[in-house]
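Structural description and commentary
Listed here are the chains, written in short residue letters.
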Amino acid sequence: MKNLAILGSTGSIGTSTLDIVAAHPDRYRVVALTAGNNIERLAQQIERFRPQIVAVISETQARDLRERFPGQKLEIFSSVTGLIDCACHPDVHMVVSAIVGAAGLVPTLAAIEAGKDIALANKETLVTAGPLVMRKVAERGVQLFPVDSEHSAIFQSLEGHRKRDVRRLILTASGGPFREKSLAQMSHVTPADALKHPNWSMGRKISIDSATMMNKGLEVIEACWLFDLPSSRIAVHIHPQSIVHSMVEYIDGSLIAQLGLPDMRTPIAYALSYPERIALDAPSLDLCSVGRLTFEEPDGHKFPCLGLAYQALEAGGTVPAVLNAANEVAVEAFLTGQISFVNIAQVIQAALDEHEANHLEQVDDVLRADLWGRQKATQIIQSIR
Ligand code: NAD
Ligand code: MG
């Protein structure tokens, strides 16, 4: 039996994880759940999965939950310390890190420090603090399993191979809903248009990141830390069918890829069950009915966020944390109608231009850069409105 803490249990990844737990009650037990705002859904999850401990953001929400579940053996906490208590609970074996945004960093790092294995969906953890996180993973001897479908595909394609035989990694990207639009057309798109991802159903923030291609940029940074390779050896191919989830090219010219229908339960299940595979009620991939798999170069002119992420990765230090923070603020501003879609990249670029990079020695350096990036992006947004 593997005991899980699911951070961000009410989100897209969190609920898919709970679907897998529900299908395999002989393998997985939920010890801890945490959520941001969706308290109704969290209450249903508590009824269904009977965790020992839960955490929410505000104390008001925690009090509300305590009233709903009186006299039960359930501890209910709030704020970041509550998240940390869930992530570090002594009964937990593995933490599913599925909070969205930089808010996932502190509890994930605490879980690593406490010696828990991690199933990592929260890519912002490695984007903002890659070197610190990987150092801590090595020090504590924990295992870090990728949940992001591209990184899971690479992880699977590396199995049984020697790292020194890898020539490069190729991350695939669907290209998002605006792949065929011109820049002029993109300046008029609405949040509803941008949220309509062609192949995947995901949370709001990552859906917008997919539309700007910042998601792929964040994934390049994530891949660099997970697989210990420089940005020059990580390429991106647009693959609109989202069937080939990513590939590893070896020094003899071989490409090893992992394919499947776009269903996040597959990479989540692999992270939970590694090195075994567990059955999912997923349909077979019928390649004959898919017919054609196509690949093309990303258009850096139309999707500048991808290039900004590569630049931030190469600059290193605090720069990726600022890239991420400015992106989170800009995406929220777009979703709330304050800026246009094409402004997102402009806000991030302007924030990066003003940032003086620092080294990352400790997590406080990341948190300071994150705060700086948020404040700077907010100022920039006010100036363009
Ligand atoms: P989501 O918005 O659907 O869910 C986010 C979860 O985090 C919710 O439970 C929410 O309540 C909680 N949360 C939000 N802000 C919080 C805060 N400040 N403090 C504590 N909890 C908070 O997001 P998602 O699509 O499930 O994505 C989660 C993470 O997984 C992201 O980092 C995303 O990039 C990554 N990811 C998602 C997918 C996908 O298919 N959805 C695929 C690959 C990677
Ligand atoms: Mg992905």
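Figured I'd write up the structure that's included with this text. (Residues numbered from 1 in each chain as written. Chains lettered and ligands numbered in written order. Predicted model: local features only at pLDDT ≥ 70, side-chain atom pairs only at ≥ 80, totals over all residues. Heavy atoms only, no water.)

Points about the pattern of salt bridges
Let me state the cut-off plainly: Any carboxyl oxygen of Asp or Glu that lies within 4 Å of a side-chain nitrogen of Lys or Arg is treated as forming a salt bridge with it. Runs of H or I in DSSP of at least four residues are treated as helices and runs of E of at least two as strands, each being numbered from the N terminus.
Under the defined criterion, the tally for this structure stands at 26 salt bridges. Among the ionic pairs, Arg-27 bridges to Glu-276, the shortest N-O distance being 2.7 Å. You can see Arg-27 sitting in the loop between helix H1 (12-23) and strand E2 (28-34) and its partner Glu-276 sitting in the loop between helix H12 (265-273) and helix H13 (287-290), a full 249 residues away along the chain. Taking the shortest distance from any N to any O, the salt bridge between Arg-374 and Glu-328 comes out at 3.0 Å.

Comments concerning the site of ligand 1
The criterion, for reference: We call a residue near a molecule or strand when any one of its heavy atoms sits within 4 Å of it. Here a polar contact means two N or O atoms within 3.5 Å. Within protein one must be a hydrogen donor candidate and the other an acceptor candidate, and residues neighboring in sequence count only if both atoms are side-chain atoms. In short, Shrake-Rupley with a 1.4 Å probe defines the accessible areas, and a residue's cover is counted only from the protein chains shown. Note that Gly is not counted as nonpolar here; it falls among the polar residues with everything else outside the nonpolar set of Ala, Val, Leu, Ile, Met, Phe, Trp, Tyr, Cys and Pro and the charged set of Asp, Glu, Lys and Arg. Domain limits in this description derive from either an automatic procedure or a database domain assignment.
As a structural note, the neighbourhood of ligand 1 is formed by 23 residues, with Thr-10, Ser-12, Gly-36, Glu-124 and Gly-203 the closest of them. Ile-13 is positioned with one of its backbone polar atoms (N or O) 2.9 Å from an oxygen atom of ligand 1. One of the backbone N or O atoms of Gly-36 is found 2.6 Å from an oxygen atom in ligand 1. Relative to its unbound accessible surface of 830 Å², ligand 1 loses 85% to contact with the protein. The residue inventory of the shell around ligand 1, partitioned by class, reads eleven nonpolar, nine polar and three charged. Looking at which domains feed residues into the shell around ligand 1, each of domain 1 (2-146) and domain 2 (149-314) gives three or more.

Quick word on the coordination of the magnesium ion (ligand 2)
Test applied: Sodium, potassium and calcium take a 3.2 Å donor cutoff, other metals 2.8 Å, and in both cases only N, O and S atoms count; water is not among them, so sites may look incomplete. Classification of residues uses two cut-offs on accessible area relative to the type maximum, computed with a 1.4 Å probe and protein chains only: under 20% is buried, over 50% is exposed, and between them is partly exposed.
For the magnesium ion (ligand 2), the protein coordination sphere consists of Asp-148 (OD), Glu-150 (OE) and Glu-219 (OE), at 2.1 Å. Written as a sequence motif, the donor residues of the magnesium ion (ligand 2) are D-x1-E-x68-E. Exposure class is identical for Asp-148 and Glu-150. Each is buried.

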